[in-house]
Every structure is written in C-alpha cells, then in structure tokens.
Amino acid sequence: MVNNTDIVHGGLGSETQFGSLSTPLYLTSTFILDAVGKDKGYDYSRTGNPTRTELQNHLATLEGGVACSVHGTGISSICTVLHHFKAGDHILVTQDCYGGTHRLIDQNLTQFGLEADFIDFTDIETVRAAIKDNTKALWVETPTNPLLKLIDLEAIGKISKEFDLTYIVDNTFLSPIGQKPFEFGVDLIVHSTTKYINGHCDCTGGAVISRTEEWGERIDWLTNCMGTAQSPFDAWQVLRGSKTVGVRFRAQQQAALEIATWLEAHDKVKRVFFPGLESHPDYALAQQQQKGPGAMIAFEVNGDGDDARAVVENTVLIKLAESLGGVTSLIEVPALQSHASMTPEARIAAGIENTLVRLSVGLEEVDDLISDLDKALSKVKTPELSTSGV
Ligand SMILES: *Cc1c(COP(=O)(O)O)cnc(C)c1O
C-alpha cells in the first residue's frame, strides 16, 4: 500500500557520486560511450534518461506496478498505448471519457483502421453485448468526467479475463492515492500527470504503468519508436510534485467533501454530483473500490446557462480555467468549455446540462473557498426552482 514514506523517499539516493539528495536533472540528448556498443546504461535520451528513470520507478511504486513509461502529456501516453493495437482491432471505450481521448480515437486512430465503440460501462450487460470477435481491449475511465459516474472495476475485470481482453484504466481523476486499479486485474494504468501527480499546474505529462514486465517492455518500445517520451526537465518537475501527492490529495478530498456537503444544502444549487455524498447513486461503489471520494465536484445551479456562467465568472479565489488536480482551485462550465466540442444533443444525452459547473478543489482554506462560492452563487438570478437549463 502506498504510504507517505514511500511517496517521499522514491528516487532518493539514486545519485551516488556526490550524494545529492534531490534527483539530478540530466539535461543531455546523448551519452558518451566507453566503446562502440558499450554504454553506462544510457545512450540517447529519447530511449532513456536517468531523470526520467527515477520518475518512472517512482510512479510504478505508487501504483504497485512493475514498470512505467512517462510521456510529454497525458494524451501522448494514451496515444502510445493505443498504438499497440493494429488495423482491424476493435476496442471498447468509456462513453464519457476525456474529450481528448475521444477525439484521438474517433477522429484520428480510426483513420488507420482501429475500430472503436464508445459505450456505457456502468451497465455490465451493455459491455458484454458490445464485445465482438475482434475486440482486443477495454478502456475505462472512472469516475467519469464531468458527472463523476462510477464504473465497477471488479465487474469489468471479470469480463476482461473471460474474453481475454487488455484492460486499461485512466486513473487521472483519483491519482494512485484515491484508487488502485491493479487490485482489479487491470493490465495498464494511464495518468495525465499534468493533474494530481504533479499537482502544481506548471508542466504537462503522462504516464503508463504496467502490471507485467512484458507490457512494460512493449510500452517502452512504443515510446522509443514513436518518440513520445517526456523531457527530462518536465520529468524532474513531475517527480518533485509527486512527493506531496499523498498529503495534497488527502487534504483536497477532505475539503471537497465539506464543500460538496455545503453546496448540497445551498438554495441556489439544484443538484450536486460527488461520490462522497450519500445522495450519489454510486456512493456504495465508491466506498468499495475507491480510497476516498476524490476532489472533483460537479453541480447544477438553479436557473439557466447564464447563471452557471455568472457563477464561474464571479469566483475570485477559485480561478476560471480548465484542467484539474492542482493546488489552486479551478472552476468551469463543461457545456461551454471542457465539453464544448460535443454537440448539444450529445451533451444532453450524456446528462451534461448547461447549468452544470465543475469544480476542482485545491488546497486553499475550505472556509475561504466556501465564502468565494457563496458570493458567486449570489449572482444566480433565479433562486426559485426553474427549468433544467437546456
Ligand atoms: C487531462 C486528462 C487527460 C489528458 O492529459 P493531458 O496531460 O492534458 O494531455 C487524459 N485523461 C484524463 C482523465 C484527463 O483529465
């Protein structure tokens, strides 16, 4: 189990020449060889770099995997994994997965003959029914974005075993602290380290953690082949950020629970989506498969889309920005921002109302965040319960 000791000590002592406590940053593209074909462990930084190795070992430990490869962005990690598959292969993907994942598969990889269906993974029968002879993998994201619906990782694990499918989970929303997908038979875990793992919104990054050596070698090969590896500088940033992910994430989800509870009682708030509230339809599943509720909250305001916009444009401490998982709280309207590329019909079908607001809870004082939200919510013009804002 990951504890703060492991999180803080990962990578310490790797530098033996001078005893540098912090992992050195090896800003080099290439390495001097002792002889032709004889290196000191590294020959070229696309293929391998000691700073990157430290981050990779560290993230493998945090997730309980045997290997890890890190990439320039979360999407480059996802792209690297998906290049394992070939033309004619079919994959099943979580319907409301991250928009960039949807775009990559639907608008790009299908051009190369990859087949994909985006389905509702919350319904096990739907998953079974969607499996075809050429289905090779299940791509799961839980909780989903922005409505924080949960997918039963254990149930999907059984299906992946039964049909011999590669089981991949995007664990970005909960970090290795909030959820341990390898406990459920997952083969590969993907992270946008841009979010909780780095936690400071000062660089982008992605990671793929493998359950087996075979997968680790395959992902490493793809990373080198495609040139998607993370720069040593960014890897160093993510390694530094990751040392505090335990304390950050636990504090953030505690604050999120307080804020969600407060929002649920607010008369300008119609509905709150947060797996830590008993009103959440997947509350019991969250208790079972997650190590906590996470620190993302979605809520619908009373009124219409203009009211949601007024709320996000009137918080002061909570910054109006996309992304999540950092020390600074962020707020946005999915229908106008993170999910704007969906058609209005698709959004409505997915349950994403124009009145929906998404909040990433940071590390500010909870009381300050609540008072900021309270002032912003006072801008909602229609306090009476009204239409659903379609
Ligand atoms: C942000 C995000 C990604 C993409 O990561 P980038 O670092 O922005 O490329 C993938 N999956 C999820 C769940 C995300 O939140």
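Residues numbered from 1 in each chain as written. Predicted model: local features only at pLDDT ≥ 70, side-chain atom pairs only at ≥ 80, totals over all residues. Heavy atoms only, no water.

Chemist: It is not clear to me how the sheet that holds strand β8 (residues 269-273) should be interpreted in this structure. Could you clarify?
Modeler: Sheet strands pair by backbone hydrogen bonding; their relative direction is either parallel or antiparallel. Across the sheet, which stays open at both edges, the five strands sit in the order β8-β9-β12-β11-β10 with mixed pairing between neighbours. Bordering the open sheet on either side are β8 and β10 (319-320), each of which pairs with just one other strand. The pairing of β10 with strand β11 (residues 330-332) spans two bridges and is classified as parallel. Within β11, the position partnered with Leu320 by the bridge is Ile331. The strands touched by helix α14 (residues 366-377) within the sheet are β8, β9 (296-301), β11 and β12 (356-360), with β9 carrying the most contacts at an inclination of about 20 degrees. (Pairing = 2+ DSSP bridges. Helix = DSSP H or I, 4+ residues; strand = E, 2+ residues; numbered from the N terminus. Contact = heavy atoms within 4.5 Å. Axes fitted to C-alpha atoms, helices over the stretch in contact; angles between N-to-C directions.)

Chemist: I'm lost on the domain arrangement of the protein in this one. Help?
Modeler: A common way to express how large an interface is: the accessible area buried when the components associate. When its domains are assigned, the protein resolves into domain 1 (4-242) and domain 2 (245-377). The C-alpha-based centres of domain 1 and domain 2 are spaced at 26 Å. Of the roughly 2,900 Å² buried between domain 1 and domain 2 on both sides combined, carbon and sulfur atoms contribute 62%. Among the residues domain 1 hides against domain 2, the three largest losses belong to Leu147, Leu150 and Tyr196. Together they make up 26% of the total. (Domains from an automatic or database assignment. Buried area = accessible area lost by both parts, 1.4 Å probe.)

Chemist: Even after reading the chapter, I still don't get the sheet that holds strand β2 (residues 90-94), so can you show me in this structure?
Modeler: Read from one edge to the other, the open sheet built from seven strands follows the order β1-β7-β6-β5-β4-β2-β3, with strand pairing classed as mixed. Looking at the sheet topology across the chains shown, the edges are occupied by β1 (67-71) and β3 (115-119). Direction aside, neighbouring strands of the sheet carry axes that sit 20 degrees apart on average.

Chemist: Would you explain empty space enclosed by the protein in this entry?
Modeler: Rolled over the atoms, a probe with the dimensions of a water molecule shows which regions are left empty. Using the criterion set out here, one finds two cavities of 30 Å³ or more in the structure. If you trace the largest cavity, you find it lined by Pro143, Leu148, Phe173, Leu174, Pro275, Pro293, Gly294, Ala295 and Met296. By residue class, the composition of the lining of the largest cavity is eight nonpolar, one polar and no charged. Taken domain by domain, the lining of the largest cavity gets at least three of its residues from each of domain 1 (4-242) and domain 2 (245-377). Of the volumes computed, that of the second largest cavity is approximately 30 Å³. Lining the second largest cavity are Thr94, Gln95, Asp96, Ile119, Asp120, Phe121, Thr122, Thr144, Lys149 and Ile151. Looking at the lining of the second largest cavity residue by residue, the classes come out as three nonpolar, four polar and three charged. (1 Å grid on protein atoms, 1.4 Å probe; cavity = no way out; pocket = protein on both sides within 12 Å on 5 of 7 lines; lining within 4 Å. Points joined across faces, edges and corners; volume = space filled by probe spheres on them. Nonpolar A, V, L, I, M, F, W, Y, C, P; charged D, E, K, R; others polar.)

Chemist: Just to check I follow, could you spell out the state of the cysteines for this structure?
Modeler: Two cysteines form a disulfide when their sulfur atoms are joined by a covalent bond. If you walk through the whole model with that rule in mind, you get zero disulfides. Just so you know, Cys201 is unpaired, no disulfide at all, and the nearest cysteine sulfur is the one on Cys203, 9.8 Å from it. (Disulfide = S-S within 2.5 Å.)

Chemist: Would you mind going over the pairing of strand β5 (residues 166-170) with me for this structure?
Modeler: Every regular strand shows the same layout, with side chains that alternate between the two sheet faces. In terms of burial, β5 is largely enclosed, as five of its five residues are buried. A two-sided burial pattern is seen for β5, the buried positions comprising Thr166, Ile168 and Asp170 on one face and Tyr167 and Val169 on the other. As paired strands, strand β4 (residues 135-141) and β5 are joined by five bridges and run parallel to one another. Within the sheet, the bridge partner assigned to Trp139 lies in β5 and is Ile168. (Buried < 20%, exposed > 50% of the residue type's maximum accessible area, 1.4 Å probe, protein only.)

Chemist: Just to check I follow, could you spell out the packing of aromatic side chains for this structure?
Modeler: Given two aromatic rings, one states the distance between the centres and the angle between the planes to describe the pair. Taken as a whole and assessed by the stated rule, the structure comprises two aromatic pairs. When the ring of Tyr196 is compared with that of Phe249, the centres are 5.0 Å apart and the planes differ by 85 degrees; the resulting orientation is edge-to-face. With Tyr196 in the loop between β6 (188-192) and β7 (206-210) and Phe249 in helix α10 (residues 245-264), this residue pair connects regions lying 53 residues apart in the sequence. In this structure Tyr196 comes out as buried when scored by relative accessible area, which is 1%. (Phe/Tyr/Trp six-rings, centres within 6.5 Å; stacked < 30°, edge-to-face > 60°.)

Chemist: Can you help me understand the pattern of salt bridges in this one?
Modeler: Two side chains bearing opposite charge may form a pair once their charged atoms approach each other closely. Per the counting criterion, the structure on display carries 10 salt bridges. Here Arg358 makes a salt bridge to Glu332, at a shortest N to O gap of 3.2 Å. Of this pair, Arg358 sits in strand β12 while Glu332 sits in strand β11, and the two are 26 residues apart along the sequence. Just as Arg358 is buried, Glu332 falls in that class too. Salt bridges linked by common partners bring Lys86, Asp89 and Lys136 together as one network. (Salt bridge = Lys/Arg side-chain N within 4 Å of Asp/Glu carboxyl O.)

Chemist: Mind showing me how you'd approach the nonpolar core here?
Modeler: Core analysis: the largest hydrophobic core is formed by 73 residues, its most contacted members being Phe121, Ile259, Val272, Ile297, Phe299, Leu359 and Val361. Among the elements that take part in this core, α10 stands out by supplying seven residues, more than any other. In terms of domain composition, this core takes at least three residues from each of domain 1 (4-242) and domain 2 (245-377). Excluding residues within four positions of it along the chain, Ile259 makes contact with Ile297, Leu359, Val361, Val366, Leu369, Ile370 and Leu373. Ile78, Leu82, Leu114 and Leu222 belong to the second largest nonpolar core, which has 21 residues in total. (Core = buried A, V, L, I, M, F, W, Y, C linked by side-chain atoms within 4.5 Å.)

Chemist: I tried to follow the site of the ligand on my own but got confused; where do I start?
Modeler: Gly74, Asp170, Ser192, Thr194 and Lys195 are the nearest of the 14 residues found near the ligand. Asp170 places a side-chain nitrogen or oxygen 2.7 Å from a nitrogen atom of the ligand. Here the ligand loses 92% of its free accessible area of 380 Å² to cover by the protein chains. For the shell around the ligand, the residue count by class is five nonpolar, six polar and three charged. (Near = heavy atom within 4 Å. Polar contact = N/O pair within 3.5 Å; in protein donor to acceptor, adjacent residues only side chain to side chain. Areas by Shrake-Rupley, 256 points an atom, 1.4 Å probe, with all protein chains shown as cover.)

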